[in-house]
Amino acid sequence: MLPINLPPEITNLATLKVLDVSGNPYKERGLPNYISALTGLKILNVSSCELTTLPEELILLPNLQEINVDDKSLTSLPPFDPRVKVIGFTPPKNPTPHV
């Protein structure tokens, strides 16, 4: 599978309901913050994208119901509305300090 780049023109699809970019290596460039212009988005799948963070702007998606972030690289999440179902996120464990 070839990686998918999300061009700024994707913002023209404001009524898009589902976006699945799973398996695309966004580690180096990250997910673009202009994805928040997809105000109709209900389901976002960014699993296995090697992301370490997600754009804070994702919390601005008023219709987001579910986000799949199943990826061991992700270390934190934006403060999503409690109604958003987050799939696959396991917070990293803090190492026990040596005394």
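To be clear, the structure that these remarks concern was listed above.
## Some thoughts on the overall build of the chain
On a plain count of helices and strands, the chain comes out with zero helices and four strands. When the helices and strands of the chain are placed in sequence order, the string is β-β-β-β. Within the chain, buried positions represent 32% of all 99 residues. For the chain, long-range pairs separated by at least 24 residues make up 31% of all intrachain contacts whose partners lie at least 6 apart in sequence. Carbon and sulfur atoms provide 55% of the accessible area of the chain, an area that totals close to 6,400 Å².

## Considerations on the sheet that holds strand β4 (residues 85-87)
In space, the four strands of this open sheet follow the order β1-β2-β3-β4, with parallel pairing throughout. Looking at the sheet topology across the chains shown, the edges are occupied by β1 (18-20) and β4. Here the strands of the sheet are splayed against their neighbours by 5 degrees on average, with no regard to which way each runs. In terms of strand pairing, β1 meets strand β2 (residues 43-45) through three bridges, oriented parallel. When the bridges of β2 are listed, Asp-20 appears paired with Asn-45.

So, how was this worked out
Residues numbered from 1 in each chain as written. Predicted model: local features only at pLDDT ≥ 70, side-chain atom pairs only at ≥ 80, totals over all residues. Heavy atoms only, no water. Helix = DSSP H or I, 4+ residues; strand = E, 2+ residues; numbered from the N terminus. Buried < 20%, exposed > 50% of the residue type's maximum accessible area, 1.4 Å probe, protein only. Contact = heavy atoms within 4.5 Å. Areas by Shrake-Rupley, 256 points an atom, 1.4 Å probe, with all protein chains shown as cover. Pairing = 2+ DSSP bridges. Axes fitted to C-alpha atoms, helices over the stretch in contact; angles between N-to-C directions.

Don't take any of this as a statement about function, it's just geometry.
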